[in-house]
Amino acid sequence: MTRGAWSDSIPGVGTYFVGIDVAPGRYRCDDGKGGWWVRFTGPGGGDPVGSWPLPPGPTVIEIARTDFAFETHVSTSWQRIGAPSAPADGSPAELRPVADPALRAELDTIVGRRRPLMWLAPLTVLALGLIGSPLLGSLWLIGLGMLAVLVALGTPSVSLDLRRARELERRRDRYLSPEDFDDDGRELLARVQTAVDSVRDSAVNREGLLDAVDNAVTLPRQEWEIAQVLAKQSKLRTEQAEMTEAAAIPEVEAALRPLRDKLDISVEAVTRRVEALERYAERARSADEVLRAQRHLEAIAEKAHEYDELLADTVRDDLALPAIERLTDQGDELLRTLRDRLAKAAEAASELPPPR
């Protein structure tokens with residue numbers, strides 16, 4: 001899987017890190033017959049939840065924001081069909097991890113270079129069988145032969161996943177988890193993720209009325225760059241608090257004051273960037289409202305001919321003309337409004353600072 005975390009498709013076989021390889025949300029596969037899936041929930045994936053074997057036909061699952069990874073083995077791919085559910089108790093949604101959007105492709109490239117060596121695994125098992133067969137008999141060789149087949153079939157995906165996990169751990173500086181932020185950082189990051197999800201899941205974005213390709217690239221990059229700044233600010237705030245508690249004397253307070261001022265300036269700057277994302281999300285939601293109204297009007301217009309026939313049977317034809325013209329005028333007005341809302345959304349998107 002070489003696409004970034006913002007792809008709406010998950011291949012049917014493999015293990016994928018939530019927030020790095022896949023976005024949280026509701027997913028559907030067309031036919032999961034005989035397959036299985038596992039969600040690794042909780043910190044570090046310590047609480048797996050899964051289903052096996054899957055029944056014939058479509059299967060729908062929800063990958064939560066707090067999931068660590070998702071493992072799948074089905075014959076078809078998974079397609080994202082919606083955002084993750086809001087908490088039932090009305091509490092704020094949990095933060096998801098944030099990763100450098102280029103991380104997955106980099107991991108795939110590194111792991112892919114080692115793929116040709118996988119054929120050594122089953123050969124190693126067979127070699128052990130040949131060495132041990134004079135002492136342990138032919139049954140030992142048969143058993144090892146069966147094991148070699150299993151290794152040949154199962155090693156590629158398992159081995160790739162393990163190597164990818166190891167390479168990910170070596171790049172710990174390339175992704176951030178909720179624990180990397182203090183309360184102020186989490187609050188701003190929650191606003192970022194809410195805005196990003198609103199744009200990403202809007203109907204005008206899904207249907208390509210916004211610049212869907214640019215959003216798929218720009219929004220993850222904006223989230224990652226903002227998250228990096230928020231993590232640094234969280235770290236500095238924690239250090240400042242510790243220094244203040246350790247030496248509460250006027251000289252230390254005077255030395256810390258300019259550092260606090262610089263931190264405040266940084267917070268104001270990143271807050272403006274978050275607000276720009278929120279304006280973009282609001283414009284996308286506004287355009288969605290007009291799009292829904294337009295779709296309702298189209299449905300009404302499809303029924304208009306039935307009313308025309310009724311009028312033609314009961315009154316003069318000229319009474320039907322104003323009704324048709326009103327529907328046409330309403331449709332034109334909604335289209336103009338939709339174009340205006342989309343233009344405002346594009347204007348809000350242009351306010352975002354260019355990704356570095």
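Here goes a summary of the coordinates provided. (Residues numbered from 1 in each chain as written. Predicted model: local features only at pLDDT ≥ 70, side-chain atom pairs only at ≥ 80, totals over all residues. Heavy atoms only, no water.)

Further remarks concern the overall build of the protein. Looking only at helices and strands, the protein features eight helices and 10 strands. In the protein, buried positions account for 39% of the 356 residues. Partitioning the intrachain contacts of the protein with sequence separation of at least 6 by distance along the chain shows that 76% fall at a separation of at least 24. (Helix = DSSP H or I, 4+ residues; strand = E, 2+ residues; numbered from the N terminus. Buried < 20%, exposed > 50% of the residue type's maximum accessible area, 1.4 Å probe, protein only. Contact = heavy atoms within 4.5 Å.)

A few words on the pattern of salt bridges. Taken as a whole and assessed by the stated rule, the structure comprises 23 salt bridges. Close ionic contact of Arg-96 with Glu-223 constitutes a salt bridge, the shortest N to O distance being 3.3 Å. On the criterion of sequence distance, the pair formed by Arg-96 in the loop between β8 (78-82) and β9 (98-99) and Glu-223 in helix α6 (residues 212-246) is long-range, its members being 127 residues apart. One exposure class covers both Arg-96 and Glu-223, and it is buried. Taking the shortest distance from any N to any O, the salt bridge between Asp-100 and Arg-221 comes out at 3.2 Å. Separated by 121 residues along the polypeptide, Asp-100 in the loop between β9 and α1 (103-113) and Arg-221 in helix α6 bring together distant segments of the chain. Through salt bridges that share partners, Asp-100, Glu-106, Arg-171, Arg-174 and Arg-221 make up one connected network. (Salt bridge = Lys/Arg side-chain N within 4 Å of Asp/Glu carboxyl O.)

Next up on the list: the packing of aromatic side chains. By the definition in use, this model includes two aromatic pairs. Seen in terms of ring centroids, Phe-17 and Phe-68 are 5.7 Å apart; in terms of plane orientation they differ by 85 degrees. Their pairing is edge-to-face. One end of the pair, Phe-17, is in strand β2 (residues 13-17); the other, Phe-68, is in the loop between β6 (59-63) and β7 (69-73), and 51 residues separate them in sequence. Note on Phe-70 and Trp-78: the rings are 5.7 Å apart at their centroids and 80 degrees apart in plane angle, and the pair reads as edge-to-face. Taking relative accessible area as the criterion, Trp-78 reaches 0% and is therefore assigned buried. (Phe/Tyr/Trp six-rings, centres within 6.5 Å; stacked < 30°, edge-to-face > 60°.)

Pairing analysis gives five bridges linking β2 to β7, with the strands arranged antiparallel. Residue pairing for β7: Thr-15 is matched across the bridge by Glu-71. Here five bridges tie strand β4 (residues 36-41) to β7, and the two strands are oriented antiparallel to one another. Paired with Trp-37 across the bridge in β7 is Thr-72. (Pairing = 2+ DSSP bridges.)

Turning our attention to the nonpolar core. Within the largest apolar cluster, 36 residues are counted, with the highest numbers of intra-cluster contacts made by Leu-189, Leu-210, Leu-277 and Tyr-280. Ranked by the residues each element gives to this core, the list is headed by helix α7 (residues 250-314), at 11 residues. Residues contacting Leu-210, with those up to four places away along its chain left out, are Val-199, Ser-202, Val-204, Asn-205, Asn-215, Tyr-280, Ala-284, Leu-342 and Ala-345. By size, the runner-up hydrophobic cluster in this structure holds 14 residues, among which are Val-22, Ala-23, Cys-29 and Ile-61. (Core = buried A, V, L, I, M, F, W, Y, C linked by side-chain atoms within 4.5 Å.)

With that settled, consider the sheet that holds strand β1 (residues 9-10). Picture the strands of a sheet paired through backbone hydrogen bonds; they go either parallel or antiparallel. Here we have four strands laid out as an open sheet, ordered β1-β8-β3-β6, and antiparallel in their pairing. The open sheet has two edge strands, β1 and β6, and neither has a second partner. Where strand β3 (residues 25-29) lies against β8, four bridges are found, and the strand directions are antiparallel. When the bridges of β8 are listed, Tyr-27 appears paired with Arg-80.

The side chains of a regular strand alternate, residue by residue, between the two faces of the sheet. By the bridge criterion, two bridges tie β1 to β8 in an arrangement that is antiparallel. Note on β8: the bridge partner recorded for Ser-9 is Gln-79.

Attention shifts here to the sheet that holds β2. Judged by pairing direction, the sheet is antiparallel, and its four strands sit side by side in the order β2-β7-β4-β5 without closing on themselves. Of all strands in the sheet, those with a lone pairing partner are β2 and β5 (47-51), marking the two edges. Adjacent strand axes in the sheet meet at a mean angle of 10 degrees, parallel and antiparallel pairs treated alike. (Axes fitted to C-alpha atoms, helices over the stretch in contact; angles between N-to-C directions.)

The next point concerns unusual backbone geometry. A cis amide bond links Trp-52 to the next residue, Pro-53, at an omega of -15 degrees. Locating Pro-53 in the fold gives a position in the loop between β5 and β6.

What follows deals with helix α4 (residues 183-200). In this model, α4 (18 residues) spans 25 Å end to end at C-alpha, consistent with the 26 Å of a helix rising 1.5 Å per residue. Restricting attention to buried positions, one finds in α4 the residues Gly-185, Leu-188, Leu-189, Val-192, Gln-193, Ala-195, Val-196, Asp-197, Ser-198, Val-199 and Arg-200. (Expected span 1.5 Å × (residues − 1).)

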